[in-house]
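Listed below are the residues making up each chain.
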Amino acid sequence: MKQKIALITGVTGQDGSYLSEFLLGKGYEVHGIIRRSSVDYRERIAHLEGTPHFHLHYADMSDSMSLVKLVGQVQPDEIYNLAAQSHVQVSFDAPEFTADVDAVGVLRILEAVRTNHLEKTCKIYQASTSELYGKVEEVPQSETTPFHPYSPYAVAKLYGYWIIKEYREAYNMFCCSGILFNHESERRGETFVTRKITLAAARIAQGLQDCLYLGNLDSLRDWGYAKDYVECMWLILQHETPEDFVIATGVQHTVREFATLAFHHAGIELRWEGKGIDEKGIVVESREPRVKSGQVVVAVSPDFYRPTDVVNLLGDPSKAKRELGWDPQSTSFEQLVELMVKHDMQKVTREHFNLAEYLEKGIVK
Ligand code: NAP
Ligand code: GDD
């Protein structure tokens with residue numbers, strides 16, 4: 001059988017790295033798009049570089065010529081369009097860039113496929129998002145829930161969703177959106193709330209940080225494990241007909257609950273006091289000698305409030321379960337928090353150890 005060829009945009013991101021591993025494991029030839037920057041940050045895929053069947057190419061979602069050339073050169077059977085300015089808060093600061101990459105970027109991929117006359121053979125997965133439900137009109141959210149985007153990021157992603165649907169209907173292309181709810185991992189970007197919490201809990205436990213500042217603690221998310229979710233992206237493209245799917249766990253927790261559990265795994269038990277901007281996470285008990293009971297380790301800062309915030313996401317994954325045979329809870333919320341904290345406790349120890357050694361040797365001052 002001919003080896004399948006996949007092209008992944010956003011290969012250096014959290015999902016791109018897991019998806020690459022998954023597809024290589026399935027025997028695919030994997031091509032990934034990277035963009036030029038003055039510092040090469042490819043930590044998540046460094047272990048794959050140089051392995052057979054894994055290839056990287058320079059291109060950019062804002063540069064249609066680079067995409068047309070690359071799709072022609074690679075001749076992919078499947079494209080996974082994961083590239084995006086993916087941070088909701090950043091989209092308020094850079095709305096035009098977000099629209100260019102997250103909205104028009106999707107159109108550029110679709111047109112690159114058509115320009116190379118691959119529309120009959122190349123399937124396309126679009127990384128859509130639960131942010132489309134935004135100011136939610138029903139709970140839980142399913143494939144039939146109306147959209148109400150509530151950030152420049154969500155508005156850009158809504159264009160991506162509709163243009164995928166349009167090309168499916170107008171040109172009979174096999175292109176689909178996975179409407180994915182939040183998924184996290186030890187490779188999650190460090191400014192998303194879960195990773196920000198697990199890293200801070202690890203630093204605080206090791207006496208390297210005093211306090212973690214967060215925004216809206218009441219916000220509810222349906223958090224899953226990224227490694228489980230990339231399988232679904234693949235399953236969506238193996239489905240008989242091109243359709244959109246909600247991918248979620250069907251379980252919801254607040255940011256506060258995530259923080260309480262993360263600190264617990266870092267050896268610190270918390271209680272919460274106060275309301276809104278005055279709320280604090282206070283140490284009740286700690287097995288870490290550097291952290292004392294009564295110490296305030298979590299506080300609220302208005303800097304992390306958003307102009308409009310999405311506060312009640314809960315997905316209904318019934319369709320994916322039924323039609324793709326996907327298990328939405330293979331990694332539970334409790335397991336997810338534990339594995340992220342464990343990873344970050346080791347990472348912080350390693351970094352601190354290296355720094356101490358460098359200071360001692362005079363390599364850094
Ligand atoms: P991520 O870690 O932020 O990765 C984003 C990727 O997009 C990175 O590889 C980034 O490259 C690349 N990228 C950004 N702008 C680009 C451009 N102009 N040209 C080429 N590449 C560009 O995001 P993720 O968490 O893996 O998410 C993957 C996709 O799923 C995104 O589209 C996101 O919006 C969507 N999504 C994520 C979640 C979630 O909870 N993680 C949920 C729903 C939907 P650099 O490394 O060079 O920055
Ligand atoms: N980032 C961040 N930092 N969020 C905070 C903080 C903080 O200090 N404090 C509270 N939050 C709240 C946010 O207001 C939001 O309601 C919630 O925590 C989750 O924020 P993020 O982790 O930044 O993720 P997101 O839900 O906005 O966006 C992520 O998930 C989407 C799917 O629903 C991203 O991965 C998007 O790309 C993705 O589409």
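So, here is what we can say about the structure in this document. (Residues numbered from 1 in each chain as written. Chains lettered and ligands numbered in written order. Predicted model: local features only at pLDDT ≥ 70, side-chain atom pairs only at ≥ 80, totals over all residues. Heavy atoms only, no water.)

Description of the overall build of the protein
Line of reasoning, step 1. Along the protein, the regular secondary structure elements total 10 helices and 15 strands.
Line of reasoning, step 2. Computed over the C-alpha atoms, the radius of gyration of the protein is 21 Å, within 12% of the 21 Å expected from 2.2 N^0.38 for a compact globule of 365 residues.
Line of reasoning, step 3. Put simply, the protein has 365 residues, and 52% of those count as buried.
Line of reasoning, step 4. Pairs at least 24 residues apart make up 74% of the contacts formed inside the protein by residues separated by at least 6 positions.
Line of reasoning, step 5. Carbon and sulfur atoms make up 52% of the accessible area of the protein, which totals about 16,600 Å².
Line of reasoning, step 6. Seen as two clouds, the 39 positive and the 51 negative side-chain charges of the protein have centres 3 Å apart. (Helix = DSSP H or I, 4+ residues; strand = E, 2+ residues; numbered from the N terminus. Rg over C-alpha atoms; globule rule 2.2 N^0.38 Å. Buried < 20%, exposed > 50% of the residue type's maximum accessible area, 1.4 Å probe, protein only. Contact = heavy atoms within 4.5 Å. Areas by Shrake-Rupley, 256 points an atom, 1.4 Å probe, with all protein chains shown as cover. Lys, Arg positive; Asp, Glu negative; His and termini not counted. Charge placed at Lys NZ, Arg CZ, Asp CG, Glu CD.)

A word on the site of ligand 1
Line of reasoning, step 1. In the region of ligand 1, 24 residues are neighbours, and Thr12, Arg35, Ser86, Tyr153 and Lys157 sit closest.
Line of reasoning, step 2. Taking His183, its main chain carries an N or O atom lying 2.9 Å from an oxygen atom of ligand 1.
Line of reasoning, step 3. For ligand 1, the protein covers 88% of the area, taking 900 Å² as the surface of the free molecule.
Line of reasoning, step 4. At the level of secondary structure, the elements contributing two or more residues to the shell around ligand 1 comprise helix H1 (14–25), strand S5 (123–129) and helix H5 (152–171).
Line of reasoning, step 5. By residue number, the principal contributor to the shell around ligand 1 is S5, which donates 3 residues.
Line of reasoning, step 6. Here the shell around ligand 1 is composed, by residue class, of 10 nonpolar, 9 polar and 5 charged. (Near = heavy atom within 4 Å. Polar contact = N/O pair within 3.5 Å; in protein donor to acceptor, adjacent residues only side chain to side chain. Nonpolar A, V, L, I, M, F, W, Y, C, P; charged D, E, K, R; others polar.)

Notes on the packing of aromatic side chains
Line of reasoning, step 1. Within the structure shown, the criterion is met by 12 aromatic pairs.
Line of reasoning, step 2. Taking 5.5 Å as the distance between ring centres and 90 degrees as the angle between the ring planes, the aromatic pair formed by Tyr161 and Trp162 counts as edge-to-face.
Line of reasoning, step 3. For Tyr161, a relative accessible area of 8% translates into the label buried.
Line of reasoning, step 4. An angle of 85 degrees between the planes, with centres 5.4 Å apart, marks the rings of Tyr229 and Trp326 as edge-to-face. Taken together, the positions of Tyr229 in helix H7 (residues 226–238) and Trp326 in the loop between helix H9 (318–324) and helix H10 (333–361) put the pair 97 residues apart, joining distant regions of the chain. You'll find Tyr229 and Trp326 in the same group, each marked buried.
Line of reasoning, step 5. Cluster of aromatic residues (ring-pair linked, three or more members): Tyr133, Phe147, Tyr161, Trp162 and Phe181.
Line of reasoning, step 6. Note that Lys123 overlies the ring of Phe174, its terminal NZ or CZ placed 4.5 Å from the centroid.
Line of reasoning, step 7. A cation over an aromatic ring shows up here: Arg188 above the ring of Phe192, its NZ or CZ 3.9 Å from the ring centre. (Phe/Tyr/Trp six-rings, centres within 6.5 Å; stacked < 30°, edge-to-face > 60°. Lys NZ or Arg CZ within 6 Å of the ring centre and 35° of its normal.)

A closer look at the side chain of Asp228
Line of reasoning, step 1. Summarising the element assignment, Asp228 is placed in helix H7.
Line of reasoning, step 2. Despite its burial, Asp228 pairs with no opposite charge; the closest candidate is Lys227, at 8.0 Å N-O.
Line of reasoning, step 3. The residues contacting Asp228, other than those within four sequence positions of it, are Trp326, Ser330 and Thr331. (Salt bridge = Lys/Arg side-chain N within 4 Å of Asp/Glu carboxyl O.)

Let's talk about the environment of Pro149
Line of reasoning, step 1. Within the secondary structure, Pro149 sits in the loop between S5 and H5.
Line of reasoning, step 2. Since its relative accessible area comes to 22%, Pro149 is described here as partly exposed.
Line of reasoning, step 3. Measuring from C-alpha to C-alpha, the distance between Pro149 and Val136 comes to 8.7 Å, with 13 residues separating the pair along the chain.
Line of reasoning, step 4. Contacts of Pro149, omitting those with residues within four sequence positions, involve Glu131, Leu132, Ala154, Val155 and Leu158.

Focus on unusual backbone geometry
Line of reasoning, step 1. Look at the link from Val139 to Pro140: it is a cis peptide, with omega at -5 degrees.
Line of reasoning, step 2. By the secondary structure assignment, Pro140 is in the loop between S5 and H5.
Line of reasoning, step 3. In this model, His117 sits at a positive phi of 55 degrees, which is unusual for a non-glycine residue.
Line of reasoning, step 4. You can see His117 is positioned in the loop between helix H4 (95–115) and S5.

Focus: the sheet that holds strand S1 (residues 5–9)
Line of reasoning, step 1. Within the open sheet, the 7 strands sit side by side as S3-S2-S1-S4-S5-S6-S11. Their pairing is parallel. Whereas interior strands pair on both sides, the edge strands pair on one side only; in this sheet they are strand S3 (54–58) and strand S11 (245–247). On average, each strand axis in the sheet is inclined to that of its neighbour by 20 degrees, with strand direction left out of account.
Line of reasoning, step 2. As judged from the 4 bridges shared by S1 and strand S4 (residues 78–81), these two strands associate in the parallel manner. Paired with Ile8 across the two strands is Tyr80, which belongs to S4.
Line of reasoning, step 3. Packing against the sheet, H7 makes contact with S4, S5, strand S6 (175–180) and S11, and its axis sits at approximately 135 degrees to S4. (Pairing = 2+ DSSP bridges. Axes fitted to C-alpha atoms, helices over the stretch in contact; angles between N-to-C directions.)

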